[in-house]
Amino acid sequence: GELARFVRGLPKAELHVHIEGTFEPELILAIAERNGLEGKLAGYDGDAEAWCESQRSLRNFDDLQGFLDLYYAGCDVLRSEDDFYDLCMSYCRKAAAGGVRRAEIFFDPQTHTVERNALPLSVVINGLHRACVDAKTGLGLDAALIMCFLRHRHPGCTWASPPAPAEEPLSVLEEAIANHRHQIIGVGLDSSEAGNPPSIFRGVFQRARAAGLRCVAHAGEEGPAGYITEALDIGVERIDHGVRCLEEPTVVRRLAQERVPLTVCPCSNHRLQVVRRFFGGENPVRAMLNAGLVVTLNSDDPAYFFGHVDKFGGTHGGYLPANYVVTAHECGLSADEVVVLARNSLESSFASPKEKEVHI
Ligand code: ES4
Ligand code: ZN
């Protein structure tokens, strides 16, 4: 529709997208086949179309953990630098087509180096980074990488497999600083939030800041508002999700006062039942704007969070434009408010002032 066209034409930044969450079933299958791993794909019997359709039907979730289990399973087939390149380049093509000028892309190194496979960190980062370089020259998309720590990988978490030693996140960080410092712009914190507070990672974030890396963290998605405060207290500059700040006026006040950007992901919050469980079915963006917060809209895991917007007609998929369209409908955004959200995203990016001029 007209709104979708308007949204696609607006220059935007995407500040919260997990590259592993852009893995579409068709690409999972193609990469599995070139790695000789199609036999490992659950339910695959040689009918590509049927398998992709069945994968899409699995992408319905009760909560964050239900999603994460499928998301991490998809990562199994990623083995080579070219796999990571293709994954990142596929996302960059879609993002650029949707009007994204700047993308700050999350990746989960420990998924690939420890949990699902034992790949060298260089395979992951070099592949993703080469795609970012090519996206800049080939697509005019300024793409940068943020390396996320898996928040469930600490000794106090009993269900992590294999169990995580305390030094794991710091050793990943030290390797990245030693060998890949110029290929990442910052660090983040993601995965299972409840019971895994940001304060556990204080030392890791302190080290990241000392190395000049920018810091973000998921907080207040399924976890309590107090986790947002903890994230700010360990030096985080931008909060991913943060929607549950609305449960604590003191947290809202601090976020507004310090003008901390929040990277809200409306399709994700719908599809992981965050909107239903914590907000009585209401999209929280209206209340956040009214509270004077610096809200940005983002896609989170667009290959997994498709479909919600379809009932408003026109836009399909879970990519960035869909998140604007659904929020405009649900929150009754004016055109000016849509423009403010897009401008917030460009202003909240970690690009230099000089780079930002190019994005607008
Ligand atoms: C995630 Cl929606 C969400 N929350 C926390 N961690 C994640 N990793 C990928 N998507
Ligand atoms: Zn996320």
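This is a predicted model, so every value here is computed, not measured.

### Observations regarding the overall build of the protein
Scanning the protein for helices and strands turns up 17 helices and eight strands. In summary, the protein has a C-alpha radius of gyration of 19 Å against a globular reference of 21 Å for 360 residues, a match within 12%. If one aligns the C-alpha atoms of the protein with their principal axes, the spans along those axes are about 50 × 45 × 40 Å. A total of 360 residues make up the protein; the buried ones form 50% of that total. Restricting to contacts in the protein with at least 6 residues of sequence separation, those with at least 24 account for 71%.

### Remarks on the nonpolar core
In this structure, Cys 88, Cys 92, Ile 105 and Leu 128 are the most contacted members of the largest nonpolar core, which totals 102 residues. Leaving out residues up to four positions away in the same chain, Ile 105 has contacts with Val 17, Ile 19, Cys 88, Ala 143, Ala 144, Leu 145 and Ile 146.

### What about the confidence of the model for the protein?
Across the protein, the average pLDDT comes to 97, with 99% of residues at or above 70. Reported confidences for the modelled complex are a pTM of 0.98 and an ipTM of 0.98.

### What about unusual backbone geometry?
Across residues other than glycine, the phi torsion is negative in most instances, and most of the peptide bonds are trans. In the segment running from Ser 161 into Pro 162, the intervening peptide bond is cis, with an omega of -5°. Here Pro 162 lies in the loop between strand E3 (142-150) and helix H8 (168-180). Positive phi is not limited to glycine here, since Arg 259 has a value of about 50°. Counting through the fold element by element, Arg 259 comes out in the loop between helix H11 (249-257) and strand E7 (261-264).

### Overview of the sheet that holds strand E6 (residues 238-241)
In spatial order, the strands read E1-E2-E3-E4-E5-E6-E7-E8; together these eight strands make up an open sheet with parallel pairing. In this open sheet, the two edge strands, each paired with only one partner strand, are strand E1 (12-18) and strand E8 (294-297). Taking each pair of neighbouring strands and ignoring which way they run, the sheet shows an average axis angle of 25°. Bridging between E3 and strand E4 (residues 186-190) involves five bridges; their strand directions are parallel. Paired with Phe 149 across the strands is Leu 189, a residue of E4.

### Details of the pairing of E4
Most of E4 is tucked away, with five of its five residues classed as buried. Where burial is concerned, the two faces of E4 agree: the one with Gly 186, Gly 188 and Asp 190 and the one with Val 187 and Leu 189 are both buried. Where the polypeptide runs from E3 across H8 and back to E4, its parallel neighbour, the crossover connection is right-handed. One ladder, built from two bridges, connects E4 with strand E5 (residues 214-219); its direction is parallel. Within E5, the residue paired with Gly 186 across the bridge is Arg 214.

### Thoughts on the pairing of strand E2 (residues 100-107)
Across the eight residues of E2, eight count as buried, placing the element largely inside the fold. Here five bridges tie E1 to E2, and the two strands are oriented parallel to one another. Counted as the bridge partner of Ala 13 is Arg 102 from E2. The pairing of E2 with E3 spans six bridges and is classified as parallel. Across the sheet, the residue bridging to Phe 107 is Met 147, located in E3.

### Things to note about helix H16 (residues 335-347)
The terminal C-alpha atoms of H16 lie 18 Å apart, and with 13 residues this matches the ideal 18 Å at 1.5 Å per residue to within 8%. Listed as buried for H16 are Leu 341, Ala 342, Asn 344 and Ser 345. Buried residues in H16, looked at end-on, bunch into an arc of 155°, giving them a common side. Across from the buried face of H16, at angles greater than 90 degrees, the exposed residues are Ala 335 and Asp 336.

### Observations regarding the environment of Ser 80
Tracing the sequence through the fold places Ser 80 in the loop between helix H4 (64-74) and helix H5 (81-97). Distance in space between the C-alpha atoms of Ser 80 and Asn 35 is 8.8 Å, their sequence separation being 45 residues.

### Looking at the environment of Gly 39
On the secondary structure map, Gly 39 appears in the loop between helix H2 (25-34) and helix H3 (48-58). It is 15 Å that separates the C-alpha atoms of Gly 39 and Cys 75, two residues lying 36 residues apart in sequence.

### As for the packing of H8 against helix H9 (residues 202-210)
In the contact formed by H8 and H9, the axes pass within 9 Å of each other and the chain directions differ by 10°. The orientation of H8 relative to H9 falls into the category roughly parallel. Of the two elements, H8 crosses H9, and the hand of that crossing is right-handed. Counted together, Pro 169, Leu 170 and Leu 173 of H8 and Gly 203, Val 204, Arg 207 and Ala 208 of H9 form the full contact between these two elements. Considering only residue class, the contact of H8 with H9 consists of five nonpolar, one polar and one charged.

Thresholds, definitions, all that
Residues numbered from 1 in each chain as written. Chains lettered and ligands numbered in written order. Predicted model: local features only at pLDDT ≥ 70, side-chain atom pairs only at ≥ 80, totals over all residues. Helix = DSSP H or I, 4+ residues; strand = E, 2+ residues; numbered from the N terminus. Rg over C-alpha atoms; globule rule 2.2 N^0.38 Å. Buried ≥ 20, exposed ≤ 12 C-beta atoms within 10 Å, placed from the backbone. Contact = placed C-beta atoms within 7 Å. Core = buried A, V, L, I, M, F, W, Y, C linked by C-beta atoms within 7 Å. pLDDT = per-residue confidence, 0-100. Pairing = 2+ DSSP bridges. Axes fitted to C-alpha atoms, helices over the stretch in contact; angles between N-to-C directions. Right-handed = clockwise from strand over helix to strand, strands pointing away. Expected span 1.5 Å × (residues − 1). Arc of directions from axis to C-beta. Parallel < 35°, antiparallel > 145°, perpendicular 65-115°, else oblique. Left-handed = near helix turned anticlockwise from the far one by under 90°. Nonpolar A, V, L, I, M, F, W, Y, C, P; charged D, E, K, R; others polar.

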